[in-house]
Amino acid sequence: MADELTTDAADLGPVTTLATPIRLDFDFTPGVAQSRFLRGLEQGKFMGQRCPSCNQVYVPSRGSCPTDGVPTTEDVLLANVGTVTTYCVVNVPFAGQSIEIPYICAQVLLDGANVSFMGLIQEIPTDQIRMGMRVEAVWVDESDLTPSLASVRYFRPTDEPDADYDTYKEYL
Amino acid sequence: MSAAARTVRPVSIASFAQSQNVRKDDERNEVEGLMPVIAEVFGNIGITKADVGFICSGSTDYLIGGPFSFVMALDAVGVWPPKSESHVEMDGAWALYEAWVLLQEGEIDAALVYSFGRSSLGDLNEILTLQMDPYYEAPLWPDIVSLSALQARALIDAGKATEADFAAIASRSRRDALANPKAQVRNDTAPEVLLADDYVVAPLRRHALPPITDGAAAIVLAAGDKALEWSDRPVWITGFDHRMETHSLGARDLTSSPSTAKAAEVAGVAAGKIDIAEIHAPFAHQEIIVAEALGLDDSVVINPSGGPLAANPMMSAGLIRIGEAAERIRSGQADRAVAHATSGPCLQQNLVCVLEGA
Ligand SMILES: [Zn+2]
């Protein structure tokens, strides 16, 4: 082997980038409380949990009230309907996109819950989405239900009048 | 500055709790595993979160494979009433150090420190590779067992230890763990029997490796009146220091631990007789290196809890050493103890905490 770099190699200049690929695989443990939420989805239901201290209902619950730090132990079956508290219309394509743009991504506050969660809104032109809109969950066919949010196909408008701002202003 | 010249505010280990250490907790998430530990560490001394002025945690996202797991873990403590809070991407022993430093300033009198880690979610041996230099070492995926085996080999080659010594340490650790219901590997197996184990990576046999452990731990620190109010026999931290060596393994003498020795000097380990030592040496041979660096003589009882060879919850095993040492002083089994925590490959970074009874 030569003692020095060949002229060619020396002329290549400094190395400015070094790629060091890393891949690790992990298991995920939903936990006791989140498992109840996932089992609920498997049955086409939204299951939440109530904090014994402040009475807030979390969906999904991770097993504790993040405010009080105490275990949430009381299961609460939530409604299939809720209110859009805020939303965005996605117009930008990105890698791995599975839904045709434009589409609506919204925070939905299920009736009976004290936290909203993210849902896809369909069956409505994107320029008609608005805060306060009442929506209902559309589930996959019963035989396709799994313990996953993929069991919820999307939310769609109900024909109820919009919710009063006061009913969801705390959840924006 | 010598230890004697340093003026430290007396801070006590007021309460300690740890979870059951298990190979894999696949029912509970991090928050659900942590909540009972936090409840116990407060419950031991009849206090609540309202009684502490600072919260500090130790954990790493690399174990769970997701970002900001320490923020999620705060759900186990709750955000109301608001508390000053911090986190270290390190073993909880370093979170304890941060809280101790804050207590030195005198503005607060009590702090909660906790740590958690589930080593079972990924391939721990591979995950720990990522603590290496990311350009020249990590891409080669030198796993932690192989690196530790290099260190053990160097120790044997230097005439400082034999494989039989490693087996004796493992045998003693597992036997002592029989008295520790929270430990994971508890049995009475003679060293000769352990020496029949196969090599995992020579010269390390199965028993010289730590178990893979899911677990969590917590400590409440108290100063001033609260230390006396919360304990009949306060356990005082009388010396505390941590030091680090270069990340480059090739530049280190792996058979000694100058960072431990320096931390021990600053913490004042030699200022009095040590009754027990809780040493965070995940691999059996590392106990020999750390004990030498701490300057321990043969009279010192090492790892009466069983130590990390009996339960090694990542991110908590160091904090647990401090808690276990404190419990032995509180119970009257010891008057003066040293606890040690390590981080990084082959004992790269080391923390030393000296504890004394009132
Ligand atoms: Zn609450």
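Structure first, text after, so check above.
In this report, the structure presented in the accompanying data block is examined.

Each value, and the rule that gives it
Residues numbered from 1 in each chain as written. Chains lettered and ligands numbered in written order. Predicted model: local features only at pLDDT ≥ 70, side-chain atom pairs only at ≥ 80, totals over all residues. Heavy atoms only, no water. Pairing = 2+ DSSP bridges. Helix = DSSP H or I, 4+ residues; strand = E, 2+ residues; numbered from the N terminus. Donors = N, O, S within 2.8 Å, 3.2 Å for Na, K, Ca; no water. Tetrahedral: all angles 85-135°; square planar, octahedral: opposite > 155°, others 65-115°. Phe/Tyr/Trp six-rings, centres within 6.5 Å; stacked < 30°, edge-to-face > 60°. Buried < 20%, exposed > 50% of the residue type's maximum accessible area, 1.4 Å probe, protein only. Lys NZ or Arg CZ within 6 Å of the ring centre and 35° of its normal.

1. With respect to the sheet that holds strand 2 (residues 57-58) of chain A
All names here are of chain A. Strand order across the open sheet formed by three strands is 2-1-3, with antiparallel pairing between neighbours. Looking at the sheet topology across the chains shown, the edges are occupied by strand 2 and strand 3 (74-78). By the bridge criterion, two bridges tie strand 1 (residues 46-50) to strand 2 in an arrangement that is antiparallel. Across the sheet, residue Q49 finds its bridge partner in strand 2, namely Y58.

2. A look at the coordination of the zinc ion
Each pair of donors in an ideal four-coordinate tetrahedral metal site encloses 109.5 degrees, whereas pairs in an ideal six-coordinate octahedral site enclose 90 or 180 degrees. Residues and elements named next belong to chain A. Protein coordination of the zinc ion is provided by C51 (SG), C54 (SG), C65 (SG) and D68 (OD), with donor distances spanning 1.9 to 2.3 Å. Taken together, the four donor atoms surrounding the zinc ion define angles of 103 to 113 degrees at the centre, an arrangement classified as tetrahedral. Within one chain, the residues serving as donors to the zinc ion are arranged as C-x2-C-x10-C-x2-D.

3. Focus on the packing of aromatic side chains
Centre-to-centre distance and the angle between the planes together describe a pair of aromatic rings. On inspection of all chains with the given rule, the structure shows nine aromatic pairs over all chains. Here Y97 of chain B and W100 of chain B contribute two aromatic rings whose centre-to-centre distance is 5.6 Å and whose plane-to-plane angle is 40 degrees, an arrangement assigned as tilted. With a gap of three residues between them, Y97 of chain B and W100 of chain B both fall in helix 4 (residues 92-105), about one helical turn apart. Grouping residues by exposure puts Y97 of chain B and W100 of chain B together as buried. Chaining the aromatic ring pairs together yields one cluster made of F46, F117, W139 and F155 of chain A. A cation over a ring is seen here: R205 of chain B above Y199 of chain B, with NZ or CZ 4.1 Å from the ring centre.

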